[in-house]
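# Reading the structure
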Amino acid sequence: MQSVKGKIVLVAGATGGIGAQTVKLLVSSGAIVYITGRNLAKLNQLAEACRISSDHVFQMDIADEVSVNRVIDNILAQSPVIDILVNATGIGIIKPMESLSSDDFQKTIQTNLMGAFYLVKAVLPSMKIQKKGLIINIPGILGKVPMAGAAAYSASKYGLVGMMQSIREEIKRTEIRITNLFLGGVDSPFWDTIDLRVQKEKMIQAEEAAKAIWFLCQQPVSGVVSEMVLQPFNHQAI
Ligand SMILES: NC(=O)c1ccc[n+]([C@@H]2O[C@H](COP(=O)([O-])OP(=O)(O)OC[C@H]3O[C@@H](n4cnc5c(N)ncnc54)[C@H](OP(=O)(O)O)[C@@H]3O)[C@@H](O)[C@H]2O)c1
């Protein structure tokens, strides 16, 4: 394992269930963490709990390219290197086709796919200069295996996987590593707005999902974990 001590890590979606737990683990391992999310109050609360400097806290709407570019420019002005990008943003709209509106579809693609595109496009040039870096996205298992009601969500996540796999081909002569994390159900606020009967007690704990990300962040540069699959024990889809 390679320590994250002193590594510059950007966690987007730091206010979420998985994001916040990831930030806590990384900070406690000595990483220098920048955090983003839309909700400034939640960001400040997390920053206070983890003793993250206010200079490292940025309100960012990943669905808005101007917002993403502004934040990344600000971070790169402070630190020209981002060693690790963890994209833990995302929304889930799970509805059957008869109630899935085109707005639902658009919003999901805009956040989960266009947002990831804006973020990676903004961070990648600085990694290319360094010829190294690690980008972790969380397509989730619905980026690999379909589920009824997940047309919009899976479209965004399969798209994310395809986009990152294609980018991987572009950067293969560098030491920039790309990891796609396929998580099964994780007990987090993600499910709060989803009208589906789920058994949260059988899901992966957000802290355990965060440990997987923390583990990925510590992989030695001599290898790359292209993908990792972590599912609840009794709910294995693949
Ligand atoms: N929970 C699961 O079962 C599960 C399973 C597989 C994959 N995943 C994926 O894992 C990632 C994290 O999920 P989670 O469970 O931690 O969900 P969560 O608790 O709902 O957190 C989602 C995060 O995304 C942020 N976000 C949403 N829309 C945003 C926007 N337009 N701009 C900036 N930030 C935005 C939220 O921040 P604000 O609301 O503060 O802006 C929050 O920090 C997502 O990509 C999700 O698809 C989750």
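Throughout what follows, the structure given in this document is the object of discussion. (Residues numbered from 1 in each chain as written. Predicted model: local features only at pLDDT ≥ 70, side-chain atom pairs only at ≥ 80, totals over all residues. Heavy atoms only, no water.)

### Some words on helix H4 (residues 102-130)
Between its first and last C-alpha, H4 extends 41 Å over 29 residues, near the 42 Å set by a 1.5 Å rise per residue. Approximately 35 degrees is the largest bend angle found in H4, and it occurs at Gln-110. Once H4 ends, the next one or two residues include Lys-131, with phi positive near 60 degrees. (Helix = DSSP H or I, 4+ residues; strand = E, 2+ residues; numbered from the N terminus. Expected span 1.5 Å × (residues − 1). Bend = angle between axes of the 7 residues up to and from the residue.)

### Points about the packing of aromatic side chains
In this structure the tally under the stated criterion is three aromatic pairs. Grouping aromatic residues by their ring pairs yields a cluster made of Tyr-153, Phe-190 and Trp-191. Over the face of the ring belonging to Phe-182 we find Lys-144, whose NZ or CZ atom lies 4.4 Å from the ring centre. (Phe/Tyr/Trp six-rings, centres within 6.5 Å; stacked < 30°, edge-to-face > 60°. Lys NZ or Arg CZ within 6 Å of the ring centre and 35° of its normal.)

### Some remarks on the sheet that holds strand E6 (residues 175-183)
Pairing is parallel in the open sheet, where seven strands are placed in the order E3-E2-E1-E4-E5-E6-E9. Two strands lie at the open edges of the sheet, namely strand E3 (57-59) and strand E9 (227-230), each paired on one side alone. Averaged over all pairs of adjacent strands, the angle between their axes in this sheet comes to 15 degrees, without regard to strand direction. Pairing between E6 and E9: four bridges, direction parallel. Counted as the bridge partner of Leu-183 is Leu-230 from E9. Along the sheet, helix H2 (residues 40-50) contacts strand E2 (32-37) and E3; its crossing angle with E3, the most-contacted strand, is approximately 170 degrees. On top of the sheet, helix H3 (residues 65-78) reaches strand E1 (8-12), E2 and E3; it is set at about 165 degrees to E3, its chief contact. (Pairing = 2+ DSSP bridges. Axes fitted to C-alpha atoms, helices over the stretch in contact; angles between N-to-C directions. Contact = heavy atoms within 4.5 Å.)

### Focus: the pairing of strand E4 (residues 84-87)
Residues Ile-84 and Val-86 point to one face of E4 and Leu-85 and Asn-87 to the other, with burial holding for every one of them. Pairing of E1 with E4, which is carried by four bridges, proceeds in the parallel orientation. From the neighbouring strand, Val-11 faces E4, where its bridge partner is Val-86. In this structure, E4 lies alongside strand E5 (residues 132-137), joined through four bridges in parallel fashion. Looking across to E5, one finds that Asn-87 is bridged to Asn-137. (Buried < 20%, exposed > 50% of the residue type's maximum accessible area, 1.4 Å probe, protein only.)

### Digging into the pattern of salt bridges
Close approach of charged atoms allows side chains with opposite charge to pair. All chains considered together, the criterion is met by six salt bridges. A salt bridge links Lys-95 to Asp-104; its shortest N-O distance comes to 2.8 Å. Ionic pairing is found between Glu-227 and Lys-144, a salt bridge with its closest N-O pair at 2.7 Å. Of this pair, Glu-227 sits in strand E9 while Lys-144 sits in the loop between E5 and helix H5 (151-170); the two residues are 83 residues apart in sequence, bridging distant segments of the chain. Relative accessible area serves as the criterion here: at 37%, Glu-227 is assigned to the partly exposed category. According to the relative accessible area criterion, Lys-144 is partly exposed, its value standing at 27%. Connected via shared salt-bridge partners are Asp-187, Asp-192 and Lys-200. (Salt bridge = Lys/Arg side-chain N within 4 Å of Asp/Glu carboxyl O.)

### Points about the site of the ligand
Around the ligand, a shell composed of 27 residues is seen, among which Arg-38, Thr-89, Tyr-153, Val-186 and Ser-188 lie nearest. In the model, an oxygen atom of the ligand is placed 2.8 Å from a nitrogen or oxygen of the Gly-17 main chain. Between the ligand and Phe-190 there is a distance of 3.3 Å, counted from an oxygen atom to a backbone nitrogen or oxygen. In isolation the ligand exposes 890 Å². Once the protein is present, 92% of that is buried. Elements with a minimum of two residues in the shell around the ligand: helix H1 (17-28) and H5. (Near = heavy atom within 4 Å. Polar contact = N/O pair within 3.5 Å; in protein donor to acceptor, adjacent residues only side chain to side chain. Areas by Shrake-Rupley, 256 points an atom, 1.4 Å probe, with all protein chains shown as cover.)

### Details of the nonpolar core
Ranked by internal contacts, the top residues of the largest apolar core, which has 34 residues, are Val-11, Val-23, Leu-26, Ile-35, Val-86, Ile-213 and Cys-217. Elements represented by at least two residues in this core include exactly E1, H1, E2, H2, E4, E5, E6 and helix H6 (206-217). In this view, Val-86 contacts Val-9, Leu-10, Val-11, Ala-12, Ile-136, Ile-213 and Cys-217; residues no more than four positions away in its chain are not counted. Of all hydrophobic cores here, the second largest spans 31 residues; its members include Val-71, Ile-72, Leu-124 and Leu-160. (Core = buried A, V, L, I, M, F, W, Y, C linked by side-chain atoms within 4.5 Å.)

### Quick look at the packing of H1 against H6
Put simply, H1 and H6 touch, their axes get as near as 8 Å, and they point 50 degrees apart. By the criterion of interaxial angle, the relationship of H1 to H6 is oblique. H1 and H6 meet at a crossing whose hand is right-handed. Only Ala-206, Glu-207, Ala-209, Ala-210, Lys-211, Ile-213, Trp-214 and Cys-217 of H6 make contact with H1, whose side of the interface consists of Gly-17, Ile-18, Gln-21, Thr-22, Leu-25 and Leu-26. Of the residues belonging to the contact of H1 with H6, the class tally is nine nonpolar, three polar and two charged. (Parallel < 35°, antiparallel > 145°, perpendicular 65-115°, else oblique. Left-handed = near helix turned anticlockwise from the far one by under 90°. Nonpolar A, V, L, I, M, F, W, Y, C, P; charged D, E, K, R; others polar.)

Shape descriptors only; they carry no functional weight alone.
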